[in-house]
Amino acid sequence: MGRRLRWGDLGRAVLGLVGATLGLIIASWVLPGFNVDGAGEALVIAVLVAICGAVLRVFLVEGAVLVGWVGALLVGLFGQAIAIWLVVYAPQGDFGQDDIWWALGAAWIVSAVSTLFVWVATTGTDDAATASLLRRARRQDVRLDDPDVPGILFVQADGVPYPVLEWCVRAGTLPTLSRWIRDGSHQMAEWRPKLPATTPASQMGLLHGTIDGIPAFRWVDRATGKVLVANKPGDAAVIESLHSNGRGLLADDGVSVSNLFTGDAPTAYATMSAVDRTGETRQARRVVTEYLSRPAGFTRSMTRTISEIGRERFQASRAKRRNVRPRVHRGWSFAVERAALTGVLRDLNTTLVADSMLRGRRVVYVDYVDYDAVAHHAGISQPESLDALAGIDAVLAQLEAVAAVAPRKYHLVVLSDHGQSQGAIFADRYGEDLATLVARLSDSAALAASENDEGSGALNSLVAGSSDSDTVLGRALTRTSTRLTIDTIDTEVPGTGDKFLVFGSGNLGLVWVAGEKTRVTLEELTARWPALLPGLVAHPGVGFVCVQTEEHGPVALGIGGEHRLREGVVTGIDPLAKFGPQAAEFLLRAATMDEAPDIYVNSLIDDLGEVAAFEGLVACHGGLGGWQERGMVVHPVDLELPEEMVVGADALHRVMVGWLEQLGHRTDLPQRTDATDD
């Protein structure tokens with residue numbers, strides 16, 4: 001295998017050199033300030049630029065590590081241009097200010113042509129990228145103390161419902177996963193997330209073994225009056241500190257990549273709760289800068305990003321032209337977010353994971369949010385959403401190739417943290433959002449936070465960890481990170497009188513009475529705002545409302561009856577009947593958390609099985625109803641699941657910990673009993 005790869009590398013190098021030569025000739029034709037006399041001189045320049053670029057890369061990478069991700073991008077943008085400038089312009093002694101710009105133009109042309117040649121030779125850029133990752137395995141000699149202990153790579157394909165996985169595997173549109181399952185090395189199975197079916201709760205469960213205390217993506221901490229948002233670095237660190245016991249999924253030589261929480265991993269890259277762990281961040285920047293500093297790596301990522309923006313704008317216009325329903329507005333901001341997630345960020349995550357595997361780390365957990373973010377705006381089964389999922393499948397093929405040359409054997413597990421449900425959004429269906437409805441029924445101020453920023457959170461974690469916080473650039477990027485996370489609310493609203501805080505979490509609405517230190521009961525709500533609860537219950541877009549009562553505890557209210565959750569007593573028509581046999585159990589758990597809002601509002605589920613998000617999303621998750629409660633896992637047959645369906649991310653955590661122990665992990669972890677146990 002090693003000889004075949006070495007010959008392949010030589011072939012790619014020759015093709016890259018031929019491409020660079022042709023690129024220099026084309027640049028000479030196109031750029032007035034860049035001249036090359038014939039193919040012979042172009043070949044010599046191409047060789048010298050390659051040598052000069054290799055030497056420069058060593059110094060530029062070190063500088064970029066100190067500056068941060070911005071430095072990595074600058075190296076990608078200007079590294080090749082500097083090499084061309086040194087070879088072509090510096091020997092002439094004519095240091096015109098325009099020369100660097102001509103060199104930059106030539107560098108981009110050369111990179112594009114070289115990448116095209118390698119792309120043709122490898123039948124696609126994923127093969128070329130895989131070869132780039134594999135070269136690292138031959139450059140480093142890693143010796144492990146425990147090479148016979150297999151590792152596990154957990155790949156979270158965020159938001160993929162089990163039925164979508166099943167469809168795509170049957171259709172063969174996910175070649176890697178389909179091959180694994182058809183060949184019998186892996187099995188696919190469904191698991192059931194509990195309420196709320198959202199990333200913060202599920203990832204906390206998967207990584208730390210508890211799903212308590214997280215009622216949604218954002219919520220009010222009554223003790224402090226502060227709004228906690230799971231993808232703000234400071235808030236994520238606080239949330240994790242309340243749940244970690246030091247024995248998370250990744251505690252034994254693990255690596256967390258692009259997650260909300262660390263799972264107690266000793267190393268965490270682009271992880272929201274650990275952006276201040278500077279040493280690890282520098283290592284991540286080194287790995288990524290080395291990748292981006294190579295013309296093929298940077299050109300691949302940037303061309304994919306640019307093309308993805310074009311594809312998104314075309315597909316959004318086509319959906320509008322065809323009157324696709326359900327549909328939401330897809331503007332330029334989402335186009336940039338989608339392009340970054342499926343272009344640069346996907347490559348960065350893959351590079352960091354590959355580096356961790358090639359170093360022989362025992363367990364790695366990475367979150368790819370591509371499908372989740374695109375499906376939110378396009379729909380569960382639209383072509384662009386399935387393309388994003390296919391992109392994750394292509395990454396699995398890359399990581400499978402890396403695993404084959406890693407210093408230890410790796411088992412690959414693919415799972416989703418939840419599924420997604422679909423439907424026209426609440427505001428479009430009924431002409432007003434939930435906050436407006438609450439304000440109208442209560443005749444009070446209602447402050448809304450209904451924007452979803454899960455996708456931008458992945459980008460936010462990179463920006464937040466871009467540079468050391470004790471530098472000017474680091475502080476500037478920290479401020480940028482804060483702005484990337486949408487401001488939730490301003491709780492200090494001028495004026496007096498009652499007001500509500502209304503948050504949307506998919507098709508689950510959460511309503512707090514501002515300033516209250518304890519949960520407001522049904523009796524108090526009815527006394528203070530007589531029309532509020534009856535109006536919410538009677539609304540056609542509401543499936544049920546859940547509130548705390550003084551006598552019976554939490555009660556789910558519907559238009560034709562109620563369900564006393566603690567007692568299991570139903571009066572009239574059960575409002576939870578349409579939401580599945582476990583709805584009452586899930587809602588009782590959520591409603592008895594200290595962090596629960598004063599009012600839970602769950603949308604309807606209609607005859608198509610669709611819901612109505614309180615956020616501006618076509619596909620959503622967070623409440624009850626539809627496929628959001630249908631997670632998936634693809635696991636090696638040697639690592640078995642229980643015969644009965646796994647219910648709850650905390651239960652799946654225990655299964656995954658069992659797999660690690662089966663492979664010989666976690667034998668040296670300290671015993672901790674001051675928080676949740678495995």
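Cut-offs used in this document
Residues numbered from 1 in each chain as written. Predicted model: local features only at pLDDT ≥ 70, side-chain atom pairs only at ≥ 80, totals over all residues. Heavy atoms only, no water. Helix = DSSP H or I, 4+ residues; strand = E, 2+ residues; numbered from the N terminus. Buried < 20%, exposed > 50% of the residue type's maximum accessible area, 1.4 Å probe, protein only. Patch = residues over 30% accessible without salt bridge, like charges linked within 9 Å, V, L, I, M, F, W, Y side chains within 5 Å. Areas by Shrake-Rupley, 256 points an atom, 1.4 Å probe, with all protein chains shown as cover. Salt bridge = Lys/Arg side-chain N within 4 Å of Asp/Glu carboxyl O. Lys, Arg positive; Asp, Glu negative; His and termini not counted. Charge placed at Lys NZ, Arg CZ, Asp CG, Glu CD. Pairing = 2+ DSSP bridges. Axes fitted to C-alpha atoms, helices over the stretch in contact; angles between N-to-C directions. Contact = heavy atoms within 4.5 Å. Polar contact = N/O pair within 3.5 Å; in protein donor to acceptor, adjacent residues only side chain to side chain. Core = buried A, V, L, I, M, F, W, Y, C linked by side-chain atoms within 4.5 Å. Phe/Tyr/Trp six-rings, centres within 6.5 Å; stacked < 30°, edge-to-face > 60°. Parallel < 35°, antiparallel > 145°, perpendicular 65-115°, else oblique. Left-handed = near helix turned anticlockwise from the far one by under 90°.

**What about the environment of Pro383?**
Phase 1: The residue Pro383 is located in helix α14 (residues 383–405) in this model.
Phase 2: A relative accessible area of 40% places Pro383 in the partly exposed class.
Phase 3: Sequence separation between Pro383 and Gln315 is 68 residues; the distance between their C-alpha atoms is 9.1 Å.

**As for a negative patch on the surface**
Phase 1: On the surface, Glu523, Glu524, Glu550 and Glu551 cluster together into a negatively charged patch.
Phase 2: Assignment of secondary structure puts Glu550 in the loop between β13 (542–549) and β14 (553–558).

**A word on the sheet that holds strand β1 (residues 151–157)**
Phase 1: Read from one edge to the other, the open sheet built from 7 strands follows the order β2-β19-β8-β1-β7-β5-β6, with strand pairing classed as mixed. Two strands lie at the open edges of the sheet, namely β2 (186–191) and β6 (267–269), each paired on one side alone. In this sheet, adjacent strand axes meet at a mean angle of 15° when their direction is disregarded.
Phase 2: Sheet topology note: the β2/strand β19 (residues 631–636) ladder contains 6 bridges and is antiparallel. In the strand pairing of β19, Trp191 is matched with Gly631.
Phase 3: Contacts from α14 reach β1, β7 (363–368) and β8 (410–415), with the element oriented near 165° to β8.

**Side note on the side chain of Gln315**
Phase 1: You can see Gln315 is positioned in helix α11 (residues 295–321).
Phase 2: Within the structure, Gln315 has its side chain in polar contact with the side chain of Arg338 (distance 2.8 Å).
Phase 3: Once residues lying within four places of it in the same chain are set aside, the contact partners of Gln315 are Arg330, Arg338 and Glu384.

**Looking at the nonpolar core**
Phase 1: By size, the foremost hydrophobic cluster in this structure holds 73 residues, and its most contacted members are Phe154, Leu249, Tyr600, Leu652 and Trp659.
Phase 2: Among the elements that take part in this core, helix α22 (residues 649–662) stands out by supplying 8 residues, more than any other.
Phase 3: In contact with Tyr600, other than residues within four places in its own chain, are Pro215, Leu508, Gly509, Leu510, Arg519, Phe544, Val545, Cys546, Ala590, Ala591 and Met593.
Phase 4: Listed in part, the 41 residues of the second largest apolar core include Leu153, Val257, Val395 and Leu396.

**Notes on unusual backbone geometry**
Outside of glycine, negative phi angles account for most residues, and trans bonds account for most peptide bonds.
Phase 1: Cis rather than trans, the peptide bond between Leu195 and Pro196 has omega equal to 5°.
Phase 2: Inspection of the secondary structure puts Pro196 in the loop between β2 and α8 (199–208).
Phase 3: Of note, the amide linkage connecting Arg325 to Pro326 takes the cis form, showing an omega dihedral of -5°.
Phase 4: Within the secondary structure, Pro326 is located in the loop between α11 and α12 (332–358).
Phase 5: The phi torsion at Asp264 lies on the positive side, around 65°, for a residue other than glycine.
Phase 6: For Asp264, the position within the fold is in the loop between β5 (254–257) and β6.
Phase 7: Backbone geometry places Ala270, a non-glycine residue, at a positive phi of 50°.
Phase 8: Along the chain, Ala270 turns up in the loop between β6 and α10 (278–292).

**A short note on a nonpolar patch on the surface**
Phase 1: On the surface, Leu17, Leu43, Val44, Val47, Leu48 and Ile51 cluster together into a nonpolar patch covering about 470 Å² of accessible area.
Phase 2: Ranked by residue count, the leading element in the nonpolar patch is helix α2 (residues 38–67), at 5 residues.
Phase 3: Inspection of the secondary structure puts Leu43 in helix α2.
Phase 4: Given a relative accessible area of 41%, Leu43 falls into the partly exposed group.

**Brief notes about helix α21 (residues 583–591)**
Phase 1: When α21 is considered as a whole, its buried residues turn out to be Ala583, Phe586, Leu587, Arg589, Ala590 and Ala591.
Phase 2: Where the residues of α21 are buried, they touch β13, β14 and β17 (599–603).

**So, the environment of Asp417**
Phase 1: Within the secondary structure, Asp417 sits in the loop between β8 and β9 (421–422).
Phase 2: With 213 residues separating them along the chain, Asp417 and Met204 place their C-alpha atoms 9.9 Å apart.
Phase 3: Those residues in contact with Asp417 that sit more than four places away from it in its chain are Gln156, Asp158, Gly159, Trp191, Pro193, Thr199, Ser202 and Leu206.
Phase 4: At a separation of 3.3 Å, a polar atom in the side chain of Asp417 contacts the side chain of Gln156.
Phase 5: Polar contacts involving the side chain of Asp417 include one to the side chain of Thr199, which spans 2.8 Å.

**Brief notes about the packing of aromatic side chains**
Phase 1: Summed over all chains, the structure comprises 7 aromatic pairs.
Phase 2: For the ring pair Phe503 and Trp512, a centre distance of 5.3 Å and an interplane angle of 50° mean the geometry is tilted. Each member of the pair Phe503 and Trp512 is classed as buried.
Phase 3: In this structure an aromatic cluster arises from ring pairing among Phe426, Tyr430 and Phe614.

**Details of the packing of α12 against helix α13 (residues 370–378)**
Phase 1: In contact at an axis separation of 10 Å, α12 and α13 are set at 165° when each is read in the N-to-C sense. One element, α12, and the other, α13, form an angle in the roughly antiparallel class. Where α12 crosses over α13, the handedness of that crossing is left-handed. For the pair formed by α12 and α13, the contact residues are Phe334, Glu337, Arg338, Leu341, Thr342 and Arg346 on the first element and Asp370, Ala373, Val374 and His377 on the second.

**Focus: the pattern of salt bridges**
Phase 1: Within the structure shown, the criterion is met by 24 salt bridges.
Phase 2: Where Glu567 meets Arg564, a salt bridge forms, and the shortest distance between an N and an O atom there is 3.8 Å.
Phase 3: A single network of salt bridges, built from pairs that share partners, joins Glu308, Arg311, Glu312, Arg330, Arg338, Glu384 and Asp387.

**Brief notes about the pairing of strand β15 (residues 561–564)**
Phase 1: The two faces of β15 differ: Gly561 and His563 on one face are buried, but Glu562 and Arg564 on the other face are not.
Phase 2: In this sheet, β15 lies alongside β14 in antiparallel orientation, the contact comprising 4 bridges. When the bridges of β15 are listed, Gly558 appears paired with Gly561.
Phase 3: Two successive antiparallel strands, β14 and β15, enclose a turn made up of 2 residues.
Phase 4: Two successive antiparallel strands, β15 and strand β16 (residues 569–572), enclose a turn made up of 4 residues, where Gly568 displays a positive phi of approximately 70°.

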